[in-house]
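Listed here are the chains, written in short residue letters.
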Amino acid sequence: MCGIVGYIGKRDVAPLLLEGLQRLEYRGYDSAGIALHAGGKAGGLKTAKAKGRVRELEARLPKRFAGTTGIAHTRWATHGAPNDVNAHPHMDNDEKVAVVHNGIIDNASELRARLTAEGVTFLSDTDTEVLAHLVGRSQAETLEEKVREAVRHIEGTYGIAVLHADFPDRIVVARNGSPVVLGIGEKEMFVSSDVAALVSHTRQVVTLDDGEMATLKADDYRTYTTEGSRTSAQPTTVEWEAESYDMGGHDTYMHKEIYEQADAVDRALRGRIDDRFSTVHLGGLNLDARDARAVRRVKILGCGTSYHAGQIGAQMIEELARIPADAEPASEFRYRNPVVDPDTLYIAVSQSGETYDVLAAVQELKRKGARVLGLVNVVGSAIARETDGGIYVHAGPEVCVVSTKCFTNMVVSFGLLALHLGRTRDLSVADGKRIIEGLRKLPAQISEILANEGEIEKLAAEYADAKSMLFIGRVRGYPVAREASLKLKEVSYIHAEAYPASELKHGPLALIEPAMPTVAIVPDDELLEKNRAALEEIKARSGRILAVAHQVQEKADHTIVVPKNEHELDAILMGIPLQLFAYHTAKAMGRDIDKPRNLAKSVTVE
Ligand code: F6R
């Protein structure tokens with residue numbers, strides 16, 4: 001998704017902005033651009049834009065392209081094709097205003113028609129350009145007032161940064177539904193849509209709220225609402241280090257992040273386990289024992305991988321706390337006029353904390369008076385702030401577009417929540433203890449799985465010729481199969497489909513033949529024999545089988561053996577070898593693993 005970077009200070013701005021854009025590359029984009037103040041009022045604004053990667057923009061920067069104040073952008077096309085002209089920044093007809101924008105302006109065509117009728121010439125097909133013209137045509141005296149006037153005309157979402165040739169001492173930014181974070185430096189200020197672009201310069205950040213604006217000057221910033229009243233947003237310290245964004249000797253972020261899982265899980269558990277009462281402390285939950293006991297149902301909302309983590313979470317909550325629980329894609333939930341029940345605990349799950357569909361579902365729930373918790377990775381993100389409390393999953397920054405370590409930490413966090421809810425109800429001390437022991441074993445067991453990478457790599461080469469693959473699992477194994485199938489298709493582009501193993505006979509068995517391999521999740525639990533029967537059915541039809549199991553499966557052509565944990569927690573581990581399987585399949589096929597085609601890290605638009 002689109003990314004914004006801005007800087008005002010004393011340093012040469014173009015290299016700083018390029019470096020910031022590179023830090024945002026992981027989000028996915030199709031073009032990039034920069035605008036800067038060329039020096040004083042007389043200097044005016046200069047821009048450079050290019051379709052493609054940031055390095056193409058760098059190659060195209062004019063020789064004399066210097067200044068100490070500028071804004072930059074990576075674009076993910078929504079209105080208009082990815083090309084040089086549609087890349088941001090966009091300018092008004094007098095070339096006095098430059099705007100970069102994340103989000104979507106819903107009434108752009110209406111505004112475009114009105115501005116065209118007033119004599120404005122549009123150069124691009126973007127919705128953003130209307131903003132540049134609105135700011136440029138404003139008669140207001142200050143840049144703040146001009147921007148305020150412009151955004152009053154806008155319906156939709158935006159995170160924007162604006163330069164004006166007549167106001168070279170400032171950058172004005174505004175947020176409504178799309179993140180804007182200020183980075184506070186020493187006699188210099190930064191702005192970005194993502195802390196990833198800030199942490200190599202400063203760890204002091206101010207996250208704007210929706211409806212908030214800010215003026216950045218080299219030695220000062222102030223925040224206020226779009227109505228003009230002052231706000232008092234205070235800087236907070238970002239915990240994530242700049243090094244967390246480096247590849248650390250791995251060939252891709254995906255590989256690095258798969259390998260970070262043992263540490264990440266350890267972090268998610270740290271300081272939360274209460275051995276005395278065989279339960280956990282979840283400080284941010286804002287749910288006392290009485291509230292927890294009053295919950296009659298749990299509904300988990302998320303998208304993609306986070307939705308799959310929610311499915312496993314729902315399973316754990318039902319098993320450990322015996323509260324009816326289910327997960328639903330937030331993108332569907334928000335459009336079906338959901339019945340909101342006061343006794344239901346809603347949980348929004350999101351890595352980025354910015355996914356628009358999840359945020360919109362949370363807002364709809366809040367509007368209807370529901371209690372909503374967040375299970376989020378990015379501290380201070382929109383969903384974390386909109387919810388009534390929650391659990392940070394503490395996976396650390398996840399740069400690869402496809403989620404791996406965050407998925408695992410989300411599932412572990414759901415395990416903690418399930419244990420907590422269970423222990424306020426009927427889960428015995430002995431069972432609480434058993435689950436805690438299981439949780440503590442996870443980091444070592446993850447390392448054990450990863451030590452098997454060589455074998456998984458060979459298996460990936462064996463199956464990489466498949467045009468399509470079926471993933472099956474039953475009950476606890478089914479969401480694992482769904483997530484593994486998503487991982488494979490995202491990074492390798494091999495078509496993959498997941499089914500409950502119990503549904504095979506009801507249709508998908510028709511697909512089975514030697515060219516259609518099946519990946520089967522076969523835990524040693526009460527359904528083992530049922531799962532084995534499914535393997536028989538596939539084998540009888542000459543299907544190839546790769547099993548992920550706690551013991552070698554006779555009917556399978558290959559088995560990846562994973563360590564056994566408590567049966568309620570097995571799902572946490574069983575997907576991990578399949579992350580490596582997806583990675584090695586994609587690698588064997590020469591795919592762009594960290595940036596799969598058509599995908600973005602954080603989907604902040606509908
Ligand atoms: C898949 C993946 C996506 C995200 C989804 C939700 O590997 O990463 O399916 O899980 O877009 O994103 P978050 O968790 O940021 O809300």
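Residues numbered from 1 in each chain as written. Predicted model: local features only at pLDDT ≥ 70, side-chain atom pairs only at ≥ 80, totals over all residues. Heavy atoms only, no water.

Q: Just checking my understanding: could you explain the site of the ligand for this structure?
A: Taken together, 13 residues surround the ligand, and among them S306, S350, Q351, S352 and T355 come closest. Within the contact set of the ligand, an oxygen atom lies 3.2 Å away from a backbone nitrogen or oxygen of T305. When the free accessible area of the ligand is taken as 410 Å², the share hidden by the protein chains comes to 90%. Mapped onto the shell around the ligand, the elements with two or more residues apiece are α10 (304-321) and α17 (477-492). Sorting elements by how many residues they give to the shell around the ligand places α10 first, with three residues. Here the residues of the shell around the ligand are counted per class, giving three nonpolar, eight polar and two charged. (Near = heavy atom within 4 Å. Polar contact = N/O pair within 3.5 Å; in protein donor to acceptor, adjacent residues only side chain to side chain. Areas by Shrake-Rupley, 256 points an atom, 1.4 Å probe, with all protein chains shown as cover. Helix = DSSP H or I, 4+ residues; strand = E, 2+ residues; numbered from the N terminus. Nonpolar A, V, L, I, M, F, W, Y, C, P; charged D, E, K, R; others polar.)

Q: Any chance you could explain the environment of I512 here in plain terms?
A: Here I512 lies in the loop between β24 (495-500) and β25 (518-522). I512 gets classed as buried once you look at its relative accessible area, which sits at 8%. Sequence-wise, I512 and L287 are 225 residues apart; in three dimensions their C-alpha atoms are separated by 48 Å. Each residue touching I512, except ones within four places of it in the same chain, is listed here: L470, T518, I538, R541 and G543. (Buried < 20%, exposed > 50% of the residue type's maximum accessible area, 1.4 Å probe, protein only. Contact = heavy atoms within 4.5 Å.)

Q: I would appreciate a short explanation of the packing of aromatic side chains in the present structure.
A: Where two aromatic rings form a pair, the distance of their centres and the angle of their planes describe that pair. In this structure the tally under the stated criterion is three aromatic pairs. Summarising the aromatic geometry, the rings of F333 and Y346 are spaced 6.3 Å apart at their centres and angled 50° between planes, so their arrangement reads as tilted. With F333 in helix α11 (residues 330-333) and Y346 in strand β20 (residues 344-350), this pair connects stretches of sequence that are 13 residues apart. The exposure class of Y346 is buried, given its relative accessible area of 3%. On the numbers, 6.2 Å between centres and 65° between planes, the contact of Y463 with F581 is edge-to-face. Note that Y463 is positioned in helix α16 (residues 453-463) and F581 in helix α20 (residues 576-588), a separation of 118 residues in sequence. Across this residue pair, the class does not change: Y463 and F581 are buried. (Phe/Tyr/Trp six-rings, centres within 6.5 Å; stacked < 30°, edge-to-face > 60°.)

Q: What is the right way to look at the pattern of salt bridges in this model?
A: Pairing is possible between side chains of opposite charge, provided their charged atoms come close. Under the definition given, this model contains 43 salt bridges. Of the charged contacts, one joins K587 and D251 as a salt bridge, the two residues approaching to 3.2 Å between their closest N and O atoms. Residue K587 is located in helix α20, and its partner D251 is located in the loop between β15 (236-237) and α7 (253-259); the two are separated by 336 residues in the primary sequence. D251 gets classed as partly exposed once you look at its relative accessible area, which sits at 40%. For the salt bridge of D557 with K539, the shortest nitrogen-to-oxygen distance reads 2.9 Å. With a gap of 18 residues between them, D557 in the loop between β26 (545-549) and β27 (558-561) and K539 in helix α18 (residues 528-539) connect regions that are remote in the sequence. (Salt bridge = Lys/Arg side-chain N within 4 Å of Asp/Glu carboxyl O.)

Q: Help me understand the nonpolar core, please; the structure alone is not making it clear to me.
A: Soluble globular proteins: nonpolar side chains tend toward being buried together. Membership of the largest hydrophobic core comes to 124 residues, with the highest contact counts inside it found for I317 and F581. Considering every element that reaches this core, the biggest residue donor is helix α14 (residues 405-423), with eleven residues. Other than its neighbours up to four places away in sequence, I317 contacts V298, I300, R322, I323, A325, F414, L417, A418 and L421. (Core = buried A, V, L, I, M, F, W, Y, C linked by side-chain atoms within 4.5 Å.)

Q: Could you clarify how one ought to interpret the sheet that holds strand β23 (residues 468-473) in this entry?
A: Backbone hydrogen bonds hold the strands of a sheet together, and the pairing may be parallel or antiparallel. On the basis of which strands lie adjacent, the open sheet formed by five strands has the order β24-β23-β25-β26-β27 and parallel pairing. Looking at the sheet topology across the chains shown, the edges are occupied by β24 and β27. Averaged over all neighbouring strand pairs, the angle between strand axes comes to 20°, with direction disregarded. Examined bridge by bridge, β23 and β24 share six bridges and lie parallel to one another. Within the sheet, the bridge partner assigned to S468 lies in β24 and is H495. On the sheet, α16 packs against β23, β26 and β27 and is oriented at approximately 150° with respect to β27. (Pairing = 2+ DSSP bridges. Axes fitted to C-alpha atoms, helices over the stretch in contact; angles between N-to-C directions.)

Q: Would you mind going over the UniProt feature "active site" (unreviewed entry) in the protein with me for this structure?
A: The UniProt feature table records "active site" (unreviewed entry) at C2 and K601. Across 600 residues in sequence, these annotated residues keep their C-alpha atoms within 9.8 Å of one another, forming a single compact spot. The annotated residues contributing to the lining of the largest cavity are C2. With respect to the helices and strands, C2 occurs in the segment before β1 (3-8). Accessibility expressed as a relative area gives 11% for C2, which makes it buried. Contacts of C2, omitting those with residues within four sequence positions, involve R27, H73, T74, R75, W76, N102 and S193. Mapping K601 onto the fold places it in the segment after α20. (UniProt positions renumbered as here; feature names shortened; annotations may be inferred. 1 Å grid on protein atoms, 1.4 Å probe; cavity = no way out; pocket = protein on both sides within 12 Å on 5 of 7 lines; lining within 4 Å.)

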